[in-house]
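Coordinate inspection notes
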Amino acid sequence: MAKISYFLIVLSLTTLPVLSSIGYPYILPPSQIIEFMANKFATIKTLKIVQLTKIKDLDQQEEKVFGEILYLRSPAFYRSEIAGQPSKRLIIHKGTKTLRIVDREIASEGESQDPLYRFLMLAQDPERLLKRLKAVGINLDKASLTRFEGRIAYLIGDKEEGSPKLLVDKDLFLPLLLQYGNVLFRFSDYRELKGQTWYPYRIVYSSNGAITEEYNAKDITANPSIDLSLFDIPLIRSQFGKRGLKADKQ
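Residues numbered from 1 in each chain as written. Predicted model: local features only at pLDDT ≥ 70, side-chain atom pairs only at ≥ 80, totals over all residues. Heavy atoms only, no water.

Regarding the packing of helix α2 (residues 30-40) against helix α4 (residues 126-135)
For any two helices packed against each other, one specifies the crossing angle of their axes together with the interaxial distance. Worth spelling out the cut-off: Comment: axis = line fitted to C-alpha atoms, over the contacting stretch for helices; angle = value between 0 and 180 degrees taken between N-to-C directions. A helix here means a DSSP run of H or I that spans at least four residues, while a strand means a run of E at least two residues long, and both kinds are numbered starting from the N terminus. Note on terminology: angles under 35 degrees are roughly parallel, angles over 145 are roughly antiparallel, angles of 65 to 115 are roughly perpendicular, and the others are oblique. Helix crossings get a hand from a simple test, with the near helix turned counterclockwise from the far one by less than a right angle marking a left-handed crossing and a clockwise turn marking a right-handed one. Residue contacts follow a heavy-atom distance rule, with two residues in contact if any of their heavy atoms lie within 4.5 Å. Amino acid classes used here: Ala, Val, Leu, Ile, Met, Phe, Trp, Tyr, Cys and Pro are nonpolar; Asp, Glu, Lys and Arg are charged; the rest, including Gly, are polar.
Look at α2 against α4: their axes get within 9 Å of each other, and the N-to-C directions meet at 120°. On the basis of their axis angle, the class for α2 and α4 is oblique. Seen from above, α2 lies across α4 with right-handed handedness. The residues of α4 that touch α2, namely those facing Ser 31, Ile 34, Glu 35, Met 37 and Ala 38, are Pro 126, Leu 129, Leu 130 and Leu 133. Of the residues contributing to the contact of α2 with α4, the split by class is seven nonpolar, one polar and one charged.

Some remarks on the packing of aromatic side chains
In plain terms, the rule: Each pair of aromatic rings taken from Phe, Tyr and Trp, with Trp reduced to its six-membered ring, is defined by centres within 6.5 Å and is described as stacked if the planes are under 30 degrees apart, edge-to-face if over 60, and tilted in the remaining cases. Residue exposure (1.4 Å probe, protein chains only): buried if accessible area is under 20% of the type maximum, exposed if over 50%, otherwise partly exposed. The criterion is that NZ of a Lys, or CZ of an Arg, lies within 6 Å of the ring centre and within 35 degrees of the ring normal, and then a charge sits over that ring.
In this structure the tally under the stated criterion is six aromatic pairs. A ring pair is formed by Tyr 154 and Phe 173, whose centres lie 6.1 Å apart and whose planes are at 25°; its orientation type is stacked. Placement of the pair is Tyr 154 in strand β8 (residues 151-157) and Phe 173 in the loop between β9 (165-169) and β10 (175-180), with a sequence separation of 19 residues. Considered together, Tyr 154 and Phe 173 belong to a single accessibility category, that of buried residues. Pairwise contacts between aromatic rings join Tyr 117, Phe 185, Tyr 205 and Tyr 215 into one cluster. Residue placement shows Arg 191 over the ring face of Tyr 201; its charged tip is 4.2 Å from the ring centre.

So, in structure tokens, the structure goes:
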């Protein structure tokens, strides 16, 4: 009887940790999740994206569809222009500055938040990404597991609906959703570019709960040669007139 009791005690001591690990899976800290995510895009220094852009107004009554070309350069250079008509709508971001050209006139210029959702998928220093995520209000002290469109994902930030957060695929470490302020970005249709590097061919941007813009990539070129003059705000500003300058809100 003593031997049986001793055996049961040993068995319980060895099985309890196993049961605990099954019931409470280990969750990586946010900093490590971001590091693994950044490593997925470490080889992408520059990008040229040809995409079809759909823009809807908030009441979904009107829709505009046009071709757009994006140029991105790590760590924080961004240029968006309408294909074949760059002066029709041109957006340039460099550092903390953003310039918007509409119909050959300067619509707005000044300090603005960078298009963070695009810079998640460029070669980045993980520490820089952490600072940017913290700057938009994401709680970097919290990480949990959730389900998103059939995938298990890490949720960085608070779980409450509407709270700033970043969802990262648990197995692939690719961003699935970014939310902060009143904006939300969903990333899907990931396709391989080169050498185990993947990029979302569909991004949906919504504001205040309504879908306002949808980007569907038609062609993506990784690491093309991109001239820095494409992001030269003073040079480009000098080529256009002014029209009610105001600081960007986004």
